[in-house]
Amino acid sequence: MKQGYTVWFTGLSGAGKTTLNYAVGARLTQKGIPFESLDGDEVRTNLCWDLGFTRTDRNENIRRIGYVAGLLSKHGVIALVSAISPYRTARELIRRASKTSFIEVFVNAPLAVCEQRDVKGLYAKVRRGELSAFTGICDPYEPPENPEIECCTDRETIDESVDKIMQYLERQL
Ligand code: ADP
């Protein structure tokens, strides 16, 4: 059986994690490579519906997603995870627990760019004082120190970012 991988997209809200997750998934579909997408927003409505945005809850969210990703990748499936995952230690715990390869993708865009995109209207809500504990503004984001891949989504097109990730994956497969 082929080895599975966990591809972990981390970054600010609006940096491009979900976009890249599904775009990489589309490429894997074309190639007939088995994968599953675990997106933070979706996971929070089912697997992690009971969790909030304290440091403890955010880390528990990551722990649960990491556990599921580990189960998938153990069976040769590529788990594509997109979640802000703001705390370095939580991400490192998943990396260490990974029985298969853990590929951290730092989806990097400046806060100002993410705020300007404001895909979900969340930054506007924060600025109106309707949301608190928002990553990058009033809650910390600890960037990866040694990510396997970095995508600067303010300077790369979606296709360029996806190509970079696919090239990395194809070298491993
Ligand atoms: P996140 O999941 O990190 O909150 P989204 O994927 O929902 O972010 O939104 C990112 C936005 O940035 C989308 O509107 C997407 O089209 C845009 N974008 C521009 N360039 C890129 C890129 N290189 N990679 C990913 N997204 C990009």
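Here goes a summary of the coordinates provided. Just so it is clear, the structure is predicted and the values come from calculations on it, not from any experiment. (Residues numbered from 1 in each chain as written. Predicted model: local features only at pLDDT ≥ 70, side-chain atom pairs only at ≥ 80, totals over all residues. Heavy atoms only, no water.)

**Some remarks on the nonpolar core**
Judged by nonpolar contacts, the single largest core of 27 residues is most densely connected at Val 7, Phe 9, Val 24, Ile 103, Val 105, Ile 165 and Leu 169. Counting residues per element, the ones that place at least two in this core are strand 1 (5-10), helix 1 (17-31), strand 3 (78-82), strand 4 (101-108), helix 6 (122-127), strand 5 (149-152) and helix 7 (158-172). When residues in this core are grouped by element, the largest group, five residues, is from helix 7. Judged by nonpolar contacts, the second largest core, of 15 residues, contains Leu 38, Ile 65, Ala 69 and Tyr 87. (Core = buried A, V, L, I, M, F, W, Y, C linked by side-chain atoms within 4.5 Å. Buried < 20%, exposed > 50% of the residue type's maximum accessible area, 1.4 Å probe, protein only. Helix = DSSP H or I, 4+ residues; strand = E, 2+ residues; numbered from the N terminus.)

**Let's talk about the packing of helix 1 against helix 7**
Look at helix 1 against helix 7: their axes get within 10 Å of each other, and the N-to-C directions meet at 55 degrees. One element, helix 1, and the other, helix 7, form an angle in the oblique class. Between helix 1 and helix 7 the crossing geometry is right-handed. Contact residues: Thr 19, Leu 20, Ala 23, Val 24, Arg 27, Leu 28 and Lys 31 in helix 1; Ile 158, Asp 159, Ser 161, Val 162, Asp 163, Ile 165, Met 166, Leu 169 and Glu 170 in helix 7. Class assignment of the residues belonging to the contact of helix 1 with helix 7 gives a composition of nine nonpolar, two polar and five charged. (Axes fitted to C-alpha atoms, helices over the stretch in contact; angles between N-to-C directions. Parallel < 35°, antiparallel > 145°, perpendicular 65-115°, else oblique. Left-handed = near helix turned anticlockwise from the far one by under 90°. Contact = heavy atoms within 4.5 Å. Nonpolar A, V, L, I, M, F, W, Y, C, P; charged D, E, K, R; others polar.)

**A closer look at the site of the ligand**
Neighbouring the ligand are 17 residues, the closest being Gly 14, Lys 17, Thr 18, Thr 19 and Glu 156. The separation between an oxygen atom of the ligand and a polar side-chain atom of Lys 17 is 2.7 Å. Residue Ile 158 places a main-chain N or O atom 3.5 Å away from a nitrogen atom belonging to the ligand. Isolated, the ligand exposes 570 Å² of accessible area, and the fraction of that covered by the protein chains is 82%. For the shell around the ligand, the elements supplying multiple residues, two or more each, are helix 1 and helix 7. With four residues, the single largest contributor to the shell around the ligand is helix 1. (Near = heavy atom within 4 Å. Polar contact = N/O pair within 3.5 Å; in protein donor to acceptor, adjacent residues only side chain to side chain. Areas by Shrake-Rupley, 256 points an atom, 1.4 Å probe, with all protein chains shown as cover.)

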